[in-house]
Amino acid sequence: MTDFFNLHEELLKLQDPNYFFQNEVSIKDLNAQELDRMLNDTIDKISESSSSIINAELFDTMRSFVKNFNELKSATMNRVLDIILTGIQAECENTSSDLDADDEETYSEHRTALEMYGFLLVWLISNAENKADSKSIASGTMAMAGGKTKRQRQTKPKSSTPSAVSLSDEWDWSAQKPVTLRLMVKVLELKIKNIWTSTHERDTFVSLFTKSAYRILENVTNTKDSAIKKIVYQILSVCVKEHNHAFGAQTSIMQNLQYYEHLAEPMAEFLDVLAENYNHTRLTEEILIEISNKEFGSQDTIGPKSFSKFLVKLSELVPKVVAKQIGLLVKLLDNESYTMRMGLIEVLGNLIIDFASQEEQATNYISQINGFFDAMDERFLDANSFCRSKLLQVYLRLVELKAKFPKRRQKLTGLVIRSLEDKSCHVRKNAIKLLTRLIATHPYGVIHGGELSVKEWEDRLEKIENELKAIQPPQEFTEVGAESSTSLLSDDDNQSEDMDVDMPDLPNQQNTSADEIMRLQLTRRYYSDAVRFIHQVHTAIPTLCQLLGSTTKSEVLEAMEFFVTAYTYKMEFAVDGIKRMLHLIWIKDNNDEEKGIRKRLIESYYKLYIETDISLSDKEAVNTVTRNLISLTYNATLAELTSLEQLMSTMMAEELISNDVITKLWSVYSISTKQIPKVQRRGAIIILGMLAKAKMEIVQEKTELLLKIGLGPFGKADLLLAKYTCIALQRLGGNRARVKGSLGNDSIRLPMSHPIFHRLKQMIEFQTSSQEWFAVAEQVINAIYLLGEHPDILCGEIIIHKTASVFDLKIPKADDMDIDGDNFLPDQEQFTAHPLQLSQLIFIVGHVAIKHIVHLEFIEDEWKRRKAEAESKDTEKSTKNPGDDELEQVAGTTEDEFGEAVAHIREKELLFGENSLLAVFGDMTVCFNNIIDENINYLYKRLADSDNLVKKNTLMVLTHLILNGMIKVKGQLGEMAKCLEDEDQRISDLARLFFTELASKDNAVYNNLPDIISNLSSGDNPVNEESFKKIMKFLFDFIEKDKHTENVVEKLCQRFKNLDDRCQWRNIAYCLSLLPYKNERIVKKLLEGMTHYQDKLHENDVHKAFTDIISKARSIKPQKPEMKQLIDEYESKIEEFRQRSQE
């Protein structure tokens, strides 16, 4: 009766899409009533006896429904599935009863029925999952079509069959999946070996369930359902454990990892269930052995990624099983695929975490952990930046472990510091983050708390060493401390965790027993390790300060976090970075950045200097914040104060500083009942002046106090206090940044009779020999011109009085002074004056001249603005008034006369009475650009000045002039390029910033590159080859466009012609090696120019440069055949001419 059905053969036939069987019912041609009748008949028969499925007609009917399953309506689909599940359920129960009764006569019938039900079920699951897959794809397509036009969205593909089910009638069998899968488990738990005595037949039957299980996992949606995954893992585990599916599972898992990336973690989870719940690890070990022998190419994508994820997940779930095969897996660290290397790095980290978490047995794994660390440390030199970055990320997890691995931390810290100079920004970012966590998780907080002040730790170390010397221990204990900390999980680590808090008092005890000596030795080792760690971190500060200026936002943010953390732990050197961070206030964050650099900077400074401990009283909190803010001004440079001013004003604008703190600052500034340090009073007014930039009322309400303190006796005793008081007074001139050429509506212009100007005049006329007077005089003049209605009158009086004082002249009365001032000078042949007083006079005259030029510009532009406003209001009247033409001529004449008058004053009365220096050039260029252009070479020469300050100021001025388009570059950029390698870090940083900004302006670096190369290699003062290479490497990074690269290659090749200097050969060849050879056009230029350098290839460095070019060109992936052919041709010619030239 069942001769028509052979499970193995039917499964083979089922692989054919056109699966055919006799007595197939044409389901498509039946109406709903006919379909219901057939299903009802089937239900009646199966309900009567589950074994009736072995009836050929009934089985063929069910096969017909399953074959056309996706063409059925949802209700019909549910009925078909229910029939199959009900039949299996009943047959399973019947089979179980007969097995318990040991009724072997029924085994054959049960075997056939179970095979038929299983066949129908696996076929139905396949169809249902195919339908689910197509539904997911359709949903994804519809989602992607969201941006299409209305017409496109309304156009739907035609159904492949006329009876396709509409979207509204979609069948979802997600609710039936758990029921179906649990029923499959129930079948597999039968004593199958008693029913199927043949291994082949038994394996074929079991494959029905394993195929269905794997098929369900192929659907991504199913792998997100934990309930479904749990039952699928149970099915597969039972098959492996009880039904000899281990080899089949191994094959299936390897295939799934190769072709289904989303199955990487589910396959690991299945093996975890198999190991934990079924105590079967052999399959996992065999898979790991197979993976360890697998080869992955560098171009493989899906495979390595999937296998890597699988290994990582497996090492998290069953680390002990993975550890058994790690000796084989570690070979993958040398695999070509960087993805596999990344996975192995993470695997090693997971194994260390597992071993270290077993505190009681940790010592048993010391050698293994040590080996894992050694293998990981080698990856710091991995050629791929992603691997190096992953390594640092893994270490970020390891440093958070309870086991601190102190000896390893010392080595790790050194490797991390080296990684701060990695060429990859991702590696540098993670290195900074790891170094930060190394500080935050350091193992030296057991005895004295967590602070890492190097001075305090060195004092402790010195103290305990003195105690040990005084004790003079026996010889056998001298090296006990070192010997006690040789293991990976060293005894000093365990000791440090178990030490009593009274340990610092140990040296004071008089007991010189062996136990005490040992503890003192360990304590000394503990202190020594702490000091070494702090000094290690200290060496990273210069690099970290540089990274604060990185163009990569994430690096900057991590560097900021490092310095904040280091400062919190009281590491003295962190102050350098905290100050350097100030300059980040000028960075403009994008609006879409949730965590911008400026915002993080403000948060950091608020946390460090303004946020206080909640345990403090209000008064203590205000005093603490005030003290912190004032301390920010101590030993601050001008650049730091400028940035601090911007930060403080920004924080004030955001209302982050309370009125109580401002009141306390005024209290510190005005205190007169007791003596306080000058820097403290000075710091208070500096901060107040900065805050007033955002809120003018802060100084407006305290003007009298400023005059009394800062411009009174205290100011004369401390000229810097007077200087910053003048700056604070300037805040009265308005808060908003002024538009050039406008006085601004918020400007405050005070009458010259105001007490402020009287005090300012007194301060600048104050007799002193201090060099600080010049800074005070500068700010006095600035304040006069900013606040006064007629600043020229007061400044004129100041100049006259100062002249009389310097030359000991008598100032005549106004009525007696003629217009030329001849009677002002006595009848004597020469004057004598003190050099300091004379320099003060010249300084006043010079600075007044500069400020008056600016003042005249404001007046001229304001006059023009008001005239334009008046003309716009009178437009309608002027169109009707016949006398307008004449009025316009008069107005035009007046404007010309006004402009000529201003120009005359500027160029005849001010310029030639002034002693100009470098810093003045930038300010004067706006008005006297012709004069500057004529003498610009003198300015460029100062870039080679012996004084670093002169060089720096020259570079700053030239940067300002060039970047703002005030002067044109005429081949002098080579001199500025030399500054890139200046010994003074400030100068080299400024030069880098200049060229970075210049590169963004109309190909400026590209256009001037030939002149720069000539200046550096063959100019009047060429640089050495090493400096040349470093400068060129920096500049050539700005050559990005392919067209520019082609042109540079062509020009550089032509330079070889008629050159006899071997040094220049090497320089040009090196420049060529820096360019990117991305396409065949660039390589062709190199080939075409070979005639110019083919006779120079005997020079080793020249030849090496061209071989580097070949290697670089070959590394471009993917590579076109034409490109490969050109490179091969070029390489052969290079070697050919190399041999000729050597002969």
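All of these numbers come straight from a predicted model, not from anything done at the bench.

A. View of the packing of helix H2 (residues 32-48) against helix H4 (residues 74-100). Where H2 meets H4, the closest approach of the two axes is 10 Å, and the angle between their N-to-C directions is 15°. Compared by their axis directions, H2 and H4 come out roughly parallel. Considering how the two elements wind past one another, H2 and H4 form a crossing that is left-handed. Counting all contacts with H2, which are made through Asp-36, Leu-39, Asn-40, Thr-42, Ile-43 and Ile-46, the residues of H4 involved are Thr-76, Arg-79, Val-80, Ile-83 and Gly-87. Of the residues contributing to the contact of H2 with H4, the split by class is five nonpolar, four polar and two charged.

B. Examining helix H32 (residues 638-653) more closely. Taking 1.5 Å of rise per residue, the 16 residues of H32 would be expected to cover 22 Å, and the 22 Å separating its terminal C-alpha atoms lies within 8% of that figure. Most of H32 sits out of view: twelve of its 16 residues are buried. If you check which residues of H32 are buried, you get Glu-640, Leu-641, Ser-643, Leu-644, Glu-645, Gln-646, Leu-647, Met-648, Ser-649, Thr-650, Met-651 and Met-652.

C. Summary view of the packing of aromatic side chains. For the coordinates displayed, the defined rule picks out 35 aromatic pairs. Ring centres of Tyr-19 and Trp-123 lie 5.1 Å apart, and the angle between their planes is 85°; this geometry places the pair in the edge-to-face category. Of this pair, Tyr-19 sits in the loop between helix H1 (7-14) and H2 while Trp-123 is found in helix H5 (residues 107-144), placing the two residues 104 residues apart along the sequence. Judged on exposure class, the residue Tyr-19 and its partner Trp-123 are both buried. Here Phe-562 and Phe-563 contribute two aromatic rings whose centre-to-centre distance is 5.2 Å and whose plane-to-plane angle is 75°, an arrangement assigned as edge-to-face.

D. Focus on the pattern of salt bridges. For the coordinates displayed, the defined rule picks out 54 salt bridges. Taking the shortest distance from any N to any O, the salt bridge between Lys-67 and Glu-24 comes out at 3.2 Å. Of this pair, Lys-67 sits in helix H3 (residues 56-67) while Glu-24 sits in the loop between H1 and H2, placing them 43 residues apart in sequence. The partly exposed category is assigned to Lys-67, whose relative accessible area is 30%. Note on Glu-24: relative accessible area 30%, which makes it partly exposed. The residue Glu-645 makes a salt bridge to Arg-731 at a minimum N-O spacing of 2.3 Å. Highlighted residues: Glu-645 in helix H32 and Arg-731 in the loop between helix H38 (719-730) and helix H39 (755-764), separated in sequence by 86 residues. The class of Arg-731 is buried, set by a relative accessible area of 13%. By sharing partners, the salt bridges in this structure join Glu-10, Lys-13, Asp-60 and Arg-63 into a single network.

The rules we used
- Residues numbered from 1 in each chain as written.
- Predicted model: local features only at pLDDT ≥ 70, side-chain atom pairs only at ≥ 80, totals over all residues.
- Heavy atoms only, no water.
- Axes fitted to C-alpha atoms, helices over the stretch in contact; angles between N-to-C directions.
- Helix = DSSP H or I, 4+ residues; strand = E, 2+ residues; numbered from the N terminus.
- Parallel < 35°, antiparallel > 145°, perpendicular 65-115°, else oblique.
- Left-handed = near helix turned anticlockwise from the far one by under 90°.
- Contact = heavy atoms within 4.5 Å.
- Nonpolar A, V, L, I, M, F, W, Y, C, P; charged D, E, K, R; others polar.
- Expected span 1.5 Å × (residues − 1).
- Buried < 20%, exposed > 50% of the residue type's maximum accessible area, 1.4 Å probe, protein only.
- Phe/Tyr/Trp six-rings, centres within 6.5 Å; stacked < 30°, edge-to-face > 60°.
- Salt bridge = Lys/Arg side-chain N within 4 Å of Asp/Glu carboxyl O.

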